[in-house]
Amino acid sequence: MEEVFSFGMIIKLASSLAVVGIFSWILYVYGNLWYNLQRVRRKLQMQGIRGPPPSSFLHGNLPDMQRIKSQASLLSKPNYDQFLAHDYSAALFPFFQQWRKQYGLVYTYSIGMKQHLYVNEPDLVKEMNQCITLSLGKPSYITNKLSPMLGNGILRANGHSWAQQRKLVAAEFFMDKVKGMVGLMIESAQPLLLKWEQIIEEQGGGATAEVKVDADLRGFSADVISRVCFGHSYSKGKEVFLKLRSIQTIMSNHGFLFGQSGFLEKLKFWTKKEDEISSLEKEIESLIWELVEERKRESSSEKDLMQLLLEAAMSDQSLGKDFSKQFIVDNCKNIYFAGHETTAVAASWCLMLLALYPEWQTRIRTEVAQHCPNGIPDADSLPLLKTVTMVIQEVLRLYPPAAFVSREAFEDIQIGNLNVPKGVCLWTLIPTLHRDPEIWGPDSNEFKPERFSEGVSKAIKFPQAYVPFGIGTRLCVGKNFAMVELKVVLALIVSKFSFSLSPSYKHSPAYNMIVEPGHGVYILIQKNKN
């Protein structure tokens, strides 16, 4: 009996010591993290940078952000009549507006155990633009969350992995190669144009019909990506888009950047959703590789984007075979998400604003008729469509799909007159930068495409503060592709249709990893008379 009792006591004692050991280790880890956080914060404060003090040991300022957001949502009522003057960045991210008023254009705050530096000062944004070191990359705590969607592709990678991938991917999006994709873009737009014509015919031909443009533009953009990547139409890539969209929705509903902060809330969420996300991730990778293998078996003299990328990866002796396969799968996911979602959303905002300002439809229509006699642009006529370019640039100023430029310092670095300690995350809020009266003048909230009539450099006091495609070495590699695609679809739509904003439209920008119309874009459309 004594032996059993002694053995039981030993087990209990061992269990107690294990619990104490684990608890001590947790305290040690968090103590170190907290100490490092305070040390970094002091380094910033010594340079005159202030900010809200952390309100939580584990979560930093996240509880404050959630409280401010809750208060703002109770106090503010959507004003659907104030389209452009509606400062949606203040509605979506009220904590940044409040702290900006308190602490200025540069301030510090923390999320969890990560110290952040909010930067909306034009000179510092310029310095970030000019910073070429690999020690400044995408924040690791964000990219880790994005792993199921983006793998280790170019949007998520850092350091030498990112540099290698950019060298391979960027070359396939140079303007001379994008010009060769114009025909595919025009082909992809035909189902959309035909669908809208049929809707009008069903209303009596000369009548005006209501169209919700979001899904149709998303279908067009998805078709373009599928054709460019694999030489296939939208039907082949539809499943990939739907599954990526499902992962995006799950993450957005969880509060991707500034959502639930509690451990129990996170555990509850991921217990329910981790298997679903993991399953979707595997299905997406399998679908993509099936498309790659299918394309390999086809005999065609024309090479699509994925073939070119695969050949480039295989020819690089420094990369292994396993890297080549993962490189293709991951970057295909990156191109599908970035090239499809952001372009479709930008096109939706373009149609919303053109519906509000029909005089710009007339100007575009006249320009297209002048340079594209059949109403269909080509690679040679697109550069001549200056009005279309001005409209797109102004829409991307007022409603940039990406809300933030985010970077993490992986080493101590110098940005302008600031010493940024290792581990600090820098955030630039693009919509605020794009609507700042000090930068753009008193008409900063107005839709005035003519401000870009002589290019970006003459449109703004500080050209470096116009960043719809990001900044610096990590400027979006698909910029040329996106601009050409937007020019093609706008030229085709405006030359064929006239439209106004439907009473069904409710102006409510929403942040779901990108800033999109929360309730869709409804327009009243009619066919132009020849």
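Figured I'd write up the structure that's included with this text.

Conventions used here
- Residues numbered from 1 in each chain as written.
- Predicted model: local features only at pLDDT ≥ 70, side-chain atom pairs only at ≥ 80, totals over all residues.
- Heavy atoms only, no water.
- Pairing = 2+ DSSP bridges.
- Helix = DSSP H or I, 4+ residues; strand = E, 2+ residues; numbered from the N terminus.
- Axes fitted to C-alpha atoms, helices over the stretch in contact; angles between N-to-C directions.
- Contact = heavy atoms within 4.5 Å.
- Core = buried A, V, L, I, M, F, W, Y, C linked by side-chain atoms within 4.5 Å.
- Buried < 20%, exposed > 50% of the residue type's maximum accessible area, 1.4 Å probe, protein only.

## Overview of the sheet that holds strand β5 (residues 404–409)
Spatial ordering of the open sheet is given by β1-β2-β8-β5-β3, a layout of 5 strands whose pairing is mixed. The sheet is open, and its two edges are formed by β1 (106–111) and β3 (136–137), each paired on a single side. With 3 bridges connecting them, strand β2 (residues 114–119) and strand β8 (residues 425–429) associate as parallel partners. Of the residues in β8, the one forming a bridge with L117 is L426.

## Comments concerning the sheet that holds strand β9 (residues 497–501)
What the 3 strands build is an open sheet, ordered β4-β12-β9; its pairing is antiparallel. With one partner strand each, in any of the chains shown, β4 (209–212) and β9 form the two edges of the open sheet. Adjacent strand axes in the sheet meet at a mean angle of 40°, parallel and antiparallel pairs treated alike. Direction of pairing for β4 relative to strand β12 (residues 522–527): antiparallel, over a ladder of 4 bridges. Residue E210 lies in a different strand from β12, and its bridge partner there is L524. Sheet contacts for helix α10 (residues 213–230): β4 and β12; angle to β4, the most-contacted strand, approximately 55°.

## Quick notes on the nonpolar core
Core analysis: the biggest nonpolar cluster contains 157 residues, and F96, L117, Y336 and I493 have the highest contact counts within it. Here this core gets 17 residues from one element, more than from any other, and that element is helix α14 (residues 321–356). Apart from the residues lying within four places of it in its own chain, the contact partners of I493 are L192, L193, W196, L217, L351 and F499.

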